[in-house]
Amino acid sequence: MKVLIIEDEYHAAERLKKLLSAANPAIQILETIDSVEDAVSWFNSHPHPELVFMDIQLADGISFSIFEKCKIEAPVIFTTAFDEYALKAFKVNSIDYLMKPIDEDELTAALDKFQKIKSDQGSFKWLDEVIKNAGVKKYFKERFLIKKKDAYKVLMAENIAYFYSEDSLSFIIDHEGKNHIYDSTLNQIELELNPEKFFRINRKQIVHIDSIIGIHPYFNNRIKLDLHPSKNGDFIVSRDKVKAFKLWLDH
């Protein structure tokens with residue numbers, strides 16, 4: 001069985017390789033990829049594997065965006081540390097997802113499930129249609145419930161300029177410049193956002209495409225952004241995200 005691993009955590013990838021080898025010595029690991037960009041390039045230039053193990057949060061973004069950029073004809077088993085909305089979107093694909101740290105018995109069960117589906121279906125070309133029809137976009141978060149003293153307010157995603165974190169809290173700045181506390185982490189928020197509209201430029205900031213009004217080269221091979229409304233300090237695209245950010249802008 002030919003398997004592709006898409007995982008940006010070295011130790012997690014090595015553990016998965018060992019578990020797969022123990023579960024089935026006939027498994028051949030074709031390659032380990034750690035980014036959305038490299039995954040898209042790989043799928044566009046190689047015959048597709050029989051099975052893909054894919055982490056959700058990669059070095060340069062969320063792996064769901066891979067499906068937007070290339071056709072994948074292989075079944076996917078997702079591996080993640082985040083049991084949130086995004087996972088529910090892919091529960092319909094009849095493969096599986098595994099929570100980290102991956103349990104040996106759960107991995108074996110997932111492989112057994114894969115073999116059964118392969119035997120029943122004969123081909124996995126149906127998977128791409130399932131993903132397309134039930135896909136990620138259907139599950140992107142469109143509304144954010146904000147608590148305001150003794151009341152609540154609903155903020156639409158298109159009215160959000162950016163998210164940021166500070167002192168272990170997450171905040172939303174809307175297009176009017178108003179600041180809202182939001183009870184979630186940026187890691188969780190990122191999983192729920194439409195990657196066509198939002199990009200996480202660093203550990204502490206996620207920006208909406210419509211809020212960007214200026215883009216400038218910055219020292220140490222980074223990029224500085226002008227946002228509207230402009231609040232809460234500088235907006236710097238971290239060096240490891242610059243290439244992915246440029247691709248996102250040019251999409």
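Higher on the page you've got the structure.
Residues numbered from 1 in each chain as written. Predicted model: local features only at pLDDT ≥ 70, side-chain atom pairs only at ≥ 80, totals over all residues. Heavy atoms only, no water.

Colleague: How would you summarise the pattern of salt bridges if you had to cite specific residues and measurements?
Modeller: Taken as a whole and judged by the stated rule, the model has seven salt bridges. Across the pair K100 and E7 runs a salt bridge, and its minimum N-O distance is 2.9 Å. With K100 in the loop between β7 (96–99) and α5 (104–121) and E7 in the loop between β1 (2–6) and α1 (10–23), this pair connects stretches of sequence that are 93 residues apart. Pair check on accessibility: K100 and E7 agree, each one buried. E176 serves as the salt-bridge partner of K178, at 3.3 Å between the closest nitrogen and oxygen. Using a relative accessible area of 43% as the deciding quantity, one classes K178 as partly exposed. Each member of the salt-bridge network shares a partner with another, and the members are E7, E9, D55 and K100. (Salt bridge = Lys/Arg side-chain N within 4 Å of Asp/Glu carboxyl O. Helix = DSSP H or I, 4+ residues; strand = E, 2+ residues; numbered from the N terminus. Buried < 20%, exposed > 50% of the residue type's maximum accessible area, 1.4 Å probe, protein only.)

Colleague: An account of helix α2 (residues 36–45) is needed here, citing residue identities and associated values.
Modeller: Turning to α2, its buried residues are V36, A39, V40, W42 and F43. Across the axial projection of α2, the buried residues extend over an arc of 165°, all falling on one side. Among the exposed residues of α2, those pointing more than 90 degrees away from its buried face are N44 and S45. Where α2 is buried, its residues contact β1, β2 (28–33), β3 (51–55), β4 (57–58), β5 (61–62) and α3 (64–69). (Arc of directions from axis to C-beta. Contact = heavy atoms within 4.5 Å.)

Colleague: With reference to specific residues and values, describe the sheet that holds strand β10 (residues 160–166).
Modeller: Backbone-to-backbone hydrogen bonds pair the strands of a sheet. The strands run either parallel or antiparallel. On the basis of which strands lie adjacent, the open sheet formed by five strands has the order β12-β11-β10-β14-β13 and antiparallel pairing. Each edge of the sheet is formed by a strand with only one pairing partner; in this case those strands are β12 (179–182) and β13 (198–202). For this sheet, the mean inter-axis angle between neighbouring strands, taken without regard to orientation, is 25°. Here four bridges tie strand β11 (residues 169–174) to β12, and the two strands are oriented antiparallel to one another. (Pairing = 2+ DSSP bridges. Axes fitted to C-alpha atoms, helices over the stretch in contact; angles between N-to-C directions.)

Colleague: Please set out the nonpolar core residue by residue, giving values where relevant.
Modeller: Ranked by internal contacts, the top residues of the largest apolar core, which has 22 residues, are I6, F43, V52, M54, I66 and I72. Of all elements in the fold, only β1, α2, β3, α3 and β6 (76–80) reach the threshold of two or more residues within this core. Ranked by the residues each element gives to this core, the list is headed by α2, at five residues. (Core = buried A, V, L, I, M, F, W, Y, C linked by side-chain atoms within 4.5 Å.)

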